[in-house]
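Examination of the molecular architecture
Each chain, written out:
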Amino acid sequence: MIRYLFLFLSFTAARTLRAQDTTRVDQGVRVGVDYRPGVRPGLVVLPGPGIDSARAMIRRDLDYSDRFEMITVADASALSTAGGGAQEEGGPVNYALYKGLGAEFAVELSEAAGGVTARLHDLNAGRLRNQQTVPLPAGSDFRLEVHRLADEITRWASGTVGAASSRMLFVSGGRVYRADSDGHDLTPLTPAGQTALSPAWSPDGQRIAFTQLGEGRGGVVVQAHSGGAAFLAPGSQTALNITPAFSPDGRTLAYAHSDERGTDIYIANVIERCCAQRLTVGRYADNLSPTFSPDGRRIAFISTRAGPPQLYVMAADGTDQELLAPFDYGATGSSNAPDWSPDGANVVFHREVSGSPQIFLVDVSGRRVRQLTSSGRNEDPTWAPDGRHVAFVSDRSGRRQIWIVDIETGRVRQLATPGATRLPSWSRRLGRTTPVPNP
Amino acid sequence: MRAPSLLMLFAAAAFAVACGGSPAPEEPAPEPTPIAEPAPAPEPVDDSAERERMERERMAREAEERSRAVAADLAAMINFDYDQATVRQADQATLDRKAAILQANPNVKLRISGHADERGSDEYNLALANRRAAAAKRYLENKGIDGSRLEVISYGEERPLNPGTDEAAYAQNRRDEFEVTSGGDNIVAPQ
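Quick caveat, the model's predicted, so the values are computed rather than measured.

Some details on the overall build of chain A
For chain A, the count of helices and strands is four helices and 31 strands. Looking at chain A residue by residue over its 439 residues, the buried ones come to 51%. Here the contacts in chain A between residues at least 6 apart in sequence split such that 47% fall between residues at least 24 apart.

Set out below in structure tokens:
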């Protein structure tokens, strides 16, 4: 009876959640100061002279934040004329006109000395809400700085920070690549001709860890994100070592060590480079894919202790091991690749449904499981730093590519990547190395 | 000499019948000597040397075939059910033959590599394939083979044998491969 009830529940859950994997806006709960239920506020990025690349990036970032209904204007040189707008130094903004187009917010971008000034106009209130000028450095820091500005505009307008100023790691053709959250600035971090797997970010975005697969063996390499000096994680020098994950303080690396006794989770200190310690005792079972809770006190992981791989959780010292995502033995498909959300509330993972992996969430307190995807094969999810986007690998376009779903609206988009890609890892927001003056 | 002539004719006829056609006229009749009469005491020294040589060649050939068969038995793959790392009943004989060979050749060391099909998680498949290799090692250890002679590695789904994407290909790709890493010269067959 209990089993039937469970099946019924999972069936209804699958049915209601199937609707999420669409571009339809969910009529659900919304957070943020300017949200009305079921409605995303309209936002227009005003055209203007100069800084075209920054303007295009910010427009795309705001669109990808999934918090706004983006309103497109072809050419506003004619539209940006006076008419009831606030008289700011960037020029008058025709509030009534953009309000008439359905916008609640207008983002005005203008060139400043060595940088850019962003202004957010609240069209309903008829006033300038926020403004900031940031310097735009040359080189690869330029894009990150523009992404940070986009995140700040998202915060002004929605009350929650965006995820644009972050980067993605993934594997393509055996190499680890790094790309911006919008898929641009693609950079290989490992040499060609090798097999790298399972890249992971340190929380500060300064280092990465990944498995370097040799002849059936491999260590966990820890290196600076830009390349440079690398070392093998303590305890990973022999046999096969997979699925690394940094602790939130960046001091500890958890990974799985595979040898003839099975696969078990170890932790090691990657600052002092010592002290590898085993957390699970598998006895020929597999324990792998550790992921830390954001407070660093717990680790979710995959174990085959009860048969097929399923999702478990333990204290960060290996005690108190228990099942995290409920399953029905013999009925629920294998679960793999967990990633703990930045707010600590959910763990995302993939689970086999009718022979295809699909993305699922389990909320940590209630242990309720939700299905997020249903079309094609969808696997290896990773959280965006905003806690509402999840990147995953999907074959829905014909080959394995990285896609991003907004779990609040169900909107899905593809990350622009070359060739077949897999095993994505999304960084936290990447901080500045030098502070930016806030005028 | 009448009898030999008759015999020759008979032999020719028999040959023709055996060949299923009319006798080819240009073909010479088969050598009658071995049929017609016992060999008239051939030089015994030459013949035995020839026999010994042929015998040696035969034995060498057989030894080569045997060692090829032994090597093939050592290298024979075993396969697994989907998401399973249990040695199947049908593959136990394959492993038993390896165990016997390893017993007879104490210097031989094996590397066992586990493999998975492309379904399932890329990362989990490394652990699963490792478990498959470890399962074969444990089976051989239970047959009395010292574990230090058996090395376990895993390729996960990274090295498919068959690039196909159907069940037949997947079944081929879920496997353990066995490679002799030392002591591979002069392998003898088990008694």
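On we go.
Examining the interface of chain A and chain B
Counting residues at the interface gives 29 residues for chain A and 18 residues for chain B. Going through the elements one at a time, β11 (195-201), β15 (240-246), β16 (252-259), β17 (262-269), β19 (287-292), β23 (335-340) and β31 (422-426) of chain A are the ones with two or more residues in the side of chain A that touches chain B. Among the residues forming the side of chain A that touches chain B, the class breakdown is twelve nonpolar, ten polar and seven charged.

Thoughts on the domain arrangement of chain A
Residue and element names in this part refer to chain A. Segmentation of chain A into domains returns domain 1 (42-158) and domain 2 (167-426). Here the C-alpha centroids of domain 1 and domain 2 sit 36 Å apart. Contact with domain 1, which involves seven residues of that partner, is made by nine residues of domain 2. At the level of elements, α2 (52-64) and α4 (140-158) are the ones that each hand at least two residues to the side of domain 1 that touches domain 2.

Thoughts on the sheet that holds strand β5 (residues 105-112) of chain A
All names here are of chain A. Strands sit in the order β2-β1-β5-β6-β7 across an open sheet of five strands; the sheet is mixed. On the outer flanks of this sheet lie β2 (69-71) and β7 (127-135), each paired with one strand and no other. Between one strand axis and the next, the sheet turns by 25 degrees as a mean value, whatever way the strands run. Of the strands in this sheet, β1 (42-45), β2, β5 and β6 (115-122) are in contact with α2, which crosses β1 at around 170 degrees. Against the sheet, α4 makes contact with β1, β5, β6 and β7, and its axis sits at roughly 15 degrees relative to β6, the strand it touches most.

Remarks on unusual backbone geometry
All names here are of chain A. Despite not being glycine, Cys275 has its phi angle at roughly 65 degrees, a positive value. Note that Cys275 resides in strand β18 (residues 274-278). The exposure class assigned to Cys275 is exposed, which follows from the 12 C-beta atoms found within 10 Å. For Arg283, which is not glycine, the phi torsion reads 50 degrees and is therefore positive. Along the polypeptide, Arg283 turns up in the loop between β18 and β19. In this structure Arg283 comes out as exposed when scored by C-beta crowding, with 9 C-beta atoms within 10 Å.

The rules behind each value
Residue positions are given per chain, counted from 1 along the sequence in the order it is written. Here chains are named by letter from A upward and ligands by number from 1 upward, in the order in which they appear as written. The predicted origin of the model limits local features to residues at a pLDDT of at least 70 and limits the giving and counting of side-chain atom pairs to 80 or more, whereas totals for whole chains, interfaces and linings rest on all residues. Every helix listed is a DSSP run of H or I at least four residues long, and every strand listed is a run of E at least two residues long, numbered separately from the N terminus. The burial label depends on the number of other C-beta atoms within 10 Å of a residue's C-beta. Counts of 20 or more mean buried, 12 or fewer mean exposed, and intermediate counts mean partly exposed, with C-beta atoms placed from the backbone. This entry defines residue contacts through backbone-placed C-beta atoms, with two residues in contact when those atoms are within 7 Å. Here the term charged refers only to Asp, Glu, Lys and Arg, the term nonpolar to Ala, Val, Leu, Ile, Met, Phe, Trp, Tyr, Cys and Pro, and the term polar to all other amino acids, Gly among them. Reported domain spans reflect what an automatic or database domain assignment gives. Following DSSP output, two strands are said to pair if at least two bridges run between them. To obtain each axis, a line is fitted to C-alpha atoms, and for helices this fit is confined to the stretch in contact; angles are then taken between N-to-C directions over 0 to 180 degrees.

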